Amino acid sequence: MDKKMNNYEQDFPILKQKVNDERLVYLDNAATSQKPRAVIAALTNYYYHDNANVHRGVHTLAERATEKFEEVRLKVKNFINAPSEREIIYTKGTTEGLNWVARSYGMSHLKQGDEIVISYMEHHSNLVPWQQLAQKTGAQLKYIELLADGRLDLESARQQITDKTAIVALTHVSNVLGVVNPIAQVANLAHSHGAIMVVDGAQSTPHMKIDVQSLGADFFAFSGHKMLAPTGIGILWGKSRYLNEMPPLEFGGEMIDWVQLQETTFKEIPWKFEGGTQNIAGVVGLGAAIDYLSQIGMEQIEAHEQALSARALPALEQIKGLKIYGPLNPALRTGIISFNLEQLHPHDVATALDMEGVAVRAGHHCAQPLMKYLGVAAMARASFYLYNTEQDVEQLVKAVKATKEFFKNGTV
């Protein structure tokens, strides 16, 4: 595509509307992204022409659906530079992928006295599964500290990861602080102690080029709905040597090889993890989203979002009484900006911004331990994506200023 980045908003029909009589500025992309016409068209085309169950029929529709279903596995492999498409497992999303690693790999490998190391910035999806695993196995859950600006403290990582550590699980990009964690460095540290590296890629995969091999990850999970695809579809990538030895967690149709009265054998990876009818339309939509993102180029998307952040961060920082969380250097973060405004509750801020047409998130962002660590109850969060523009940044800043004045004076 040879369009300028600022023109991609035209591909997203939902953005062409007004909210509360104001131009819609959608800045809740860290929660979920909007869907381009190409993805919507792919879903419609599938249901109009190819709707059938996969792997189970020899008729034309079933063969076409199966071909599309498996083609996307290869697209995902190339998109994240995985060694093999056989290592690509379809899930409902990041949460399910991380839970599968904890329940399948974790329960079959960990024992009392082992250690699981995560950080204080983790989303609940990369925290609660490890809590549960520690409680069930007797392993100890340990936390890596953060630096004053919200970045991961590598010295703390070196202290927390020991020869007793079995699993290190980190978010690639914080959904609150926007920081990009040095996964490759931590992975090298984990491997030097015999631990595996699990990566939550929910907030990185939509916004930057991913190479799971360069990252040194052993497992990598992400969601489709944050990267232009439908909800309910995600990916768990894992190294073959670990996936092959992991037991499946869901039993039923399609994941079996042979069922007898008293015992069952299971298919090879990835199919042994994909019991029952999968989200076939979601897979098709994910494939269309990957095509769309690849045509633009992930490097270009990352540069665009950093440019928007570089414009937004100093403008917001100049607003008296506004506190930004995470590093102020846009080169150290993605397009996620979390903030609080004076003594106002973030929900009040988000409601006021909505009256100005600006959609942001407010709350603890499924990161309550991080909120406690930072000494706050909640935050407002604006997050950019490829279709956001400089005009969106200006409207955000204007809306925040108007919100401050409204609550200060009681009038807009």
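In the block above lies the structure referred to throughout.
The shown structure was predicted, so the numbers you read here are calculated from the model rather than taken from an experiment. Numbers given to residues run from 1 along each chain, matching the order in which its sequence is written. Given that the model is predicted, a residue must reach a pLDDT of at least 70 before its local features are reported, and side-chain atom pairs must reach 80 or more before they are shown or counted; all residues, however, enter totals for whole chains, interfaces and linings. Neither water nor hydrogens contribute to the side-chain values; these are computed over all heavy atoms in the structure.

Considering the overall build of the protein
For step 1, the next point in the chain: Regarding its fold elements, the protein presents 13 helices and 17 strands.
For step 2, the next point in the chain: A radius of gyration in this sense is built from C-alpha atoms; the matching globule rule multiplies 2.2 Å by the number of residues raised to 0.38. A compact globule built from 412 residues would reach a C-alpha radius of gyration of about 22 Å, and the protein, at 22 Å, matches this within 12%.
For step 3, the next point in the chain: For the protein, the spread of C-alpha atoms along the principal axes amounts to about 75 × 55 × 35 Å.
For step 4, the next point in the chain: Sorting the 412 residues of the protein into buried and exposed places 56% on the buried side.
For step 5, the next point in the chain: The contact rule is simple, with two residues in contact once any of their heavy atoms fall within 4.5 Å. A sequence separation of at least 24 residues applies to 70% of the contacts in the protein between residues at least 6 apart. The way it works is that DSSP assigns letters per residue, a run of H or I at least four long becomes a helix, a run of E at least two long becomes a strand, and they are numbered from the N terminus. Each residue is assigned to one of three classes by its accessible area relative to the maximum for its type, calculated with a 1.4 Å probe on protein chains only: buried under 20%, partly exposed between the two thresholds, exposed over 50%.

Digging into the packing of aromatic side chains
For step 1, the next point in the chain: Stacked, edge-to-face and tilted are the three classes for Phe, Tyr and Trp ring pairs, Trp counted by its six-membered ring, which pair at centre distances within 6.5 Å; planes under 30 degrees apart are stacked, over 60 edge-to-face, the rest tilted. Per the counting criterion, the structure on display carries 15 aromatic pairs.
For step 2, the next point in the chain: With centroids separated by 6.2 Å and ring planes inclined at 75 degrees, the aromatic side chains of Tyr-8 and Tyr-292 adopt a geometry described as edge-to-face. Of this pair, Tyr-8 sits in the segment before strand S1 (18–19) while Tyr-292 sits in helix H9 (residues 280–296), and the two are 284 residues apart along the sequence.
For step 3, the next point in the chain: Look at Tyr-8 and you get buried, because its relative accessible area is 0%.
For step 4, the next point in the chain: On the accessibility criterion, Tyr-292 (3% relative accessible area) is buried.

Some words on the nonpolar core
For step 1, the next point in the chain: We define a nonpolar core as any set of buried Ala, Val, Leu, Ile, Met, Phe, Trp, Tyr and Cys residues linked to one another through side-chain atoms lying within 4.5 Å. Ranked by internal contacts, the top residues of the largest apolar core, which has 77 residues, are Ile-80 and Leu-386.
For step 2, the next point in the chain: Not counting chain neighbours up to four residues away, the residues in contact with Ile-80 comprise Ile-88, Ile-210, Asp-211, Val-212, Phe-222 and Trp-237.
For step 3, the next point in the chain: By size, the runner-up hydrophobic cluster in this structure holds 29 residues, among which are Ile-118, Leu-133, Phe-219 and Leu-243.

Considering the packing of helix H3 (residues 94–109) against helix H4 (residues 128–137)
Helix packing for two helices is described by the angle between their axes and how far apart those axes are.
For step 1, the next point in the chain: For helices, the fitted line uses only the C-alpha atoms of the stretch in contact; every axis is such a line through C-alpha atoms, and the angle between N-to-C directions lies from 0 to 180 degrees. With their axes 9 Å apart at the nearest point, H3 and H4 run at an angle of 20 degrees to one another. Between H3 and H4, the crossing angle belongs to the class labelled roughly parallel. In the crossing of H3 with H4, the sense of the turn from one axis to the other is right-handed. On the side of H3, the interface is formed by Leu-98, Asn-99, Val-101, Ala-102, Gly-106 and Met-107, while H4 contributes Pro-129, Trp-130, Leu-133, Lys-136 and Thr-137.
For step 2, the next point in the chain: For this classification, Asp, Glu, Lys and Arg are treated as charged, while Ala, Val, Leu, Ile, Met, Phe, Trp, Tyr, Cys and Pro are nonpolar and the rest, including Gly, are polar. Here the residues of the contact of H3 with H4 are counted per class, giving seven nonpolar, three polar and one charged. Any angle from 65 to 115 degrees is called roughly perpendicular, while one under 35 is roughly parallel, one over 145 is roughly antiparallel, and all others are oblique. The crossing is said to be left-handed when, going from far helix to near helix, the turn is anticlockwise and less than a right angle, and right-handed when the turn is clockwise.

Topic: the pairing of strand S8 (residues 196–200)
Within a regular beta strand, the side chains point alternately toward one face of the sheet and then the other, so they alternate between its two faces.
For step 1, the next point in the chain: Within S8, five of the five residues are buried, which leaves the element mostly enclosed by the surrounding structure.
For step 2, the next point in the chain: The alternating pattern of S8 places Ile-196, Val-198 and Asp-200 and Met-197 and Val-199 on opposite faces, both of which are buried.
For step 3, the next point in the chain: Here strand S7 (residues 165–171) runs beside S8; their pairing, made up of five bridges, is parallel. Of the residues in S8, the one forming a bridge with Ile-167 is Ile-196.
For step 4, the next point in the chain: The handedness rule is simple: strands pointing away from the viewer, and a clockwise path from the first strand over the helix to the second, make the crossover right-handed. Tracing the backbone out of S7, into helix H6 (residues 183–192) and back to the parallel element S8 gives a crossover that is right-handed.
For step 5, the next point in the chain: What makes two strands pair is DSSP finding at least two bridges between them. Two elements, S8 and strand S9 (residues 219–223), share three bridges in a ladder whose sense is parallel. The residue bridging Val-199 from the neighbouring strand is Phe-220, located in S9.

Re the pairing of strand S11 (residues 256–259)
For step 1, the next point in the chain: Across three bridges, S11 lies against strand S12 (residues 264–266) in antiparallel orientation. Along S12, the bridge assignment pairs Val-259 with Thr-264.
For step 2, the next point in the chain: In this structure, the hairpin formed by S11 and S12 is closed by a connection of four residues.

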